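Spelled out, the chains give:
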Amino acid sequence: MSVQNVLDNIKENSIMFVDFRFVDLLGHAHHITLPAAEVDADTFVNGVAFDGSSIHGFRGIENSDMVMMPDTEAVFIDPFTDHPTLNVMCNIYTPEGERYDRDPRSIAQKAEEYLQTTGVGTTAFFAPEPEFFIFDEVRFESTMNSSSYMVESEEAGWNTNRKEEGGNLGSKIPVKGGYVPVAPVDSQQDIRSEMVRLLQESGLRVERHHHEVATAGQAEINFRFDTLTKTADNLMKFKYVIHNTARQYGKTATFMPKPLFGDNGSGMHVHTSIFNGDTPLFYDKGAYANLSEMAMHYIGGVLYHAPALIAITNPSTNSFKRLVPGYEAPVNLVFSKGNRSAAIRIPIAAVTPKGCRIEFRTPDNTANPYLAFAAMLLAGLDGIKRKLDPVALGYGPFDKNIYELPEEEKKEIRSVPGTLDEALNALEADSDFLTESGVFSKDFIENYVAIKRQEAKAVAIRIHPHEFSLYYDC
């Protein structure tokens, strides 16, 4: 879309405001809104200034001026504002006109540019499967003398005996009993359908929606794959629509990996493939799971670098409440066709050559999608470059149910790091695959690790409510 197309869009849809957005290091969106009358062709040349020192992890106050440069290919009309508003995603530049190397969206674009220089292929496609919870209420606090949280859901299994206005009508979802039931057990059909409608209105091609395994309103909505940066843009749009639709219904949505103890967490399985023009490069009919040698090397790269990769794809202390060995979480660094107990699954049902792909099941939604997809691509490309054979490296194929293996066999399977600190240690020890191409800078990695270590420390030094149960009477 050209600048003129955007300006025509503003006029034709009687747009009153234009909302310019960017994404910070942690994956949170920020925005500055201009009256539409103040937006012209020069706005797309000069950009929109903002204070980088007020954005966590960006710049110091002594060097804080930054510029949002609008991307005319990433616009949509906001479905929630009272006044017609056009949202425009932006890249971040310095006042000198240079790309800012801590801008996550810039990193994603550089990863795509790097792919084209390798000669491997022209385009990488990504398709995340974001899971989330829709709660009726959330309350939490962390103070000097109190620490607590509480979530509530009318369909939660713990509410079978709750007194409700008009009487308790039953039809609650038991723990781990929420996978695709029909109404009235699935009480959230209409809110998910409204989310889908608004996602479609905002430009996403939605493929399906359903209730997920956990009690208390776990959901999944899948949207169509696209190129790396566009998919990251789409995921940011997706989260915006999910959060605000829930709010309109008087509910609250969360993408936290593990908001409930004792039930399934929410992941973000990511499907990936590489094409050369219109030709799929991951397909080889008759090979294991119909995977080409290139695809196998890509898998080798992802699994080889997985401990470091996890620091970017699962970058929260809460991530490791989901990634717990022995439970239904993809902690096992092996690959397999159709096996959901492996970190990498190769879908084999109804797959065409163009649909042939790998599914990395470990990531979650606390990841910044621009960084996560870029890091995954670079890990896979390093595997292709070095011809890392996942079979020779001991990563499979593993077509057994890993959860039911004897302990002796389980010990032979490498697992993901057990804590955020361990993942950050792995990233510090293995970051060349991210930096040698120039996609990630060493400054970015150092800054990222420092910020994430602050998060880990903030959680580690705080008193956990369960510690009172364990130690109060010692």
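Just above sits the structure.
Remember, it's a predicted structure, so these values are computed and weren't measured experimentally. (Residues numbered from 1 in each chain as written. Predicted model: local features only at pLDDT ≥ 70, side-chain atom pairs only at ≥ 80, totals over all residues. Heavy atoms only, no water.)

(A) Main features of the overall build of the protein. Each helix and strand in the protein was counted, giving 14 helices and 17 strands. Over its C-alpha atoms the protein spans a radius of gyration of 23 Å, differing by no more than 12% from the 23 Å that the globule rule assigns to 474 residues. Here the C-alpha coordinates of the protein stretch approximately 65 × 60 × 50 Å along the principal axes. Between the averaged position of the 44 positive side-chain charges in the protein and that of its 65 negative side-chain charges there is a distance of 5 Å. (Helix = DSSP H or I, 4+ residues; strand = E, 2+ residues; numbered from the N terminus. Rg over C-alpha atoms; globule rule 2.2 N^0.38 Å. Lys, Arg positive; Asp, Glu negative; His and termini not counted. Charge placed at Lys NZ, Arg CZ, Asp CG, Glu CD.)

(B) Representation of the pattern of salt bridges. Under the definition given, this model contains 23 salt bridges. For the salt bridge of Asp136 with Lys251, the shortest nitrogen-to-oxygen distance reads 2.5 Å. Taken together, the residues Asp136 in the loop between strand E6 (123–135) and strand E7 (137–142) and Lys251 in the loop between helix H5 (228–248) and strand E12 (252–254) connect sequence positions 115 residues apart. Residue Asp136 is classed as partly exposed on the basis of its relative accessible area, which comes to 26%. For Lys251, a relative accessible area of 17% gives the class buried. One connected set of salt bridges, linked through shared partners, spans Glu152, Arg162, Glu164 and Lys172. (Salt bridge = Lys/Arg side-chain N within 4 Å of Asp/Glu carboxyl O. Buried < 20%, exposed > 50% of the residue type's maximum accessible area, 1.4 Å probe, protein only.)

(C) Structural context of the nonpolar core. In this structure, Phe238, Ile274, Phe373, Leu377 and Phe440 are the most contacted members of the largest nonpolar core, which totals 96 residues. Element by element, the count of residues in this core is highest for helix H9 (residues 369–386), at 12 residues. Beyond its immediate stretch of four places on either side in the chain, Phe373 contacts Phe126, Pro128, Leu228, Thr231, Ala232, Leu235, Met268 and Val270. Core analysis: the second largest hydrophobic core is formed by 23 residues, Ile10, Phe20, Met66 and Cys90 among them. (Core = buried A, V, L, I, M, F, W, Y, C linked by side-chain atoms within 4.5 Å. Contact = heavy atoms within 4.5 Å.)

(D) Inspection of the environment of Lys442 at higher detail. Relative to the assigned elements, Lys442 resides in helix H13 (residues 442–460). Since its relative accessible area comes to 53%, Lys442 is described here as exposed. Separated by 341 residues in the primary sequence, Lys442 and Asp101 have C-alpha atoms spaced 9.9 Å apart. Contacts of Lys442, omitting those with residues within four sequence positions, involve Asp432 and Thr435.

(E) Seen up close, the packing of aromatic side chains. Per the counting criterion, the structure on display carries 17 aromatic pairs. Plain terms: the ring middles of Phe440 and Phe444 are 5.6 Å apart, the flat faces sit at 65° to each other, and that makes the pair edge-to-face. Note on accessibility: Phe440 and Phe444 belong to one class, buried. A network of ring pairs unites the aromatic residues Phe22, Phe50, Phe58 and Tyr100 as a single cluster. Above the face of the Tyr240 ring, Arg21 is positioned so that its terminal group lies 4.2 Å from the ring centre. Lying across the ring of Phe255, Lys239 places its NZ or CZ 5.4 Å from the centre. (Phe/Tyr/Trp six-rings, centres within 6.5 Å; stacked < 30°, edge-to-face > 60°. Lys NZ or Arg CZ within 6 Å of the ring centre and 35° of its normal.)

(F) Region of interest: the packing of helix H4 (residues 189–201) against H5. Look at H4 against H5: their axes get within 10 Å of each other, and the N-to-C directions meet at 135°. The orientation of H4 relative to H5 falls into the category oblique. Helix-helix and strand crossings are classified by hand; for H4 and H5 the assignment is right-handed. Contacts from Ile191, Glu194, Met195, Leu198 and Leu199 in H4 reach Lys237, Phe238, Val241, Ile242, Thr245, Ala246 and Gln248 in H5. The residue makeup of the contact of H4 with H5, split by class, is eight nonpolar, two polar and two charged. (Axes fitted to C-alpha atoms, helices over the stretch in contact; angles between N-to-C directions. Parallel < 35°, antiparallel > 145°, perpendicular 65-115°, else oblique. Left-handed = near helix turned anticlockwise from the far one by under 90°. Nonpolar A, V, L, I, M, F, W, Y, C, P; charged D, E, K, R; others polar.)

(G) Spatial organisation of the sheet that holds strand E1 (residues 17–23). Within the open sheet, the five strands sit side by side as E2-E1-E5-E4-E3. Their pairing is mixed. Each edge of the open sheet carries a strand with a single partner, namely strand E2 (29–35) and strand E3 (48–51). Sheet twist, expressed as the average angle between the axes of neighbouring strands with direction ignored, equals 40°. As paired elements, E3 and strand E4 (residues 65–77) share four bridges and run antiparallel to each other. When the sheet's bridge partners are listed, Phe50 is paired in E4 with Met66. (Pairing = 2+ DSSP bridges.)

(H) Just the pairing of E2, in detail. Across seven bridges, the pairing between E1 and E2 is antiparallel. Opposite Phe22, over in E2, you have His30 as the bridge partner. Adjacent in sequence and paired antiparallel, E1 and E2 are bridged by five residues, among which Gly27 carries a positive phi angle near 95°.

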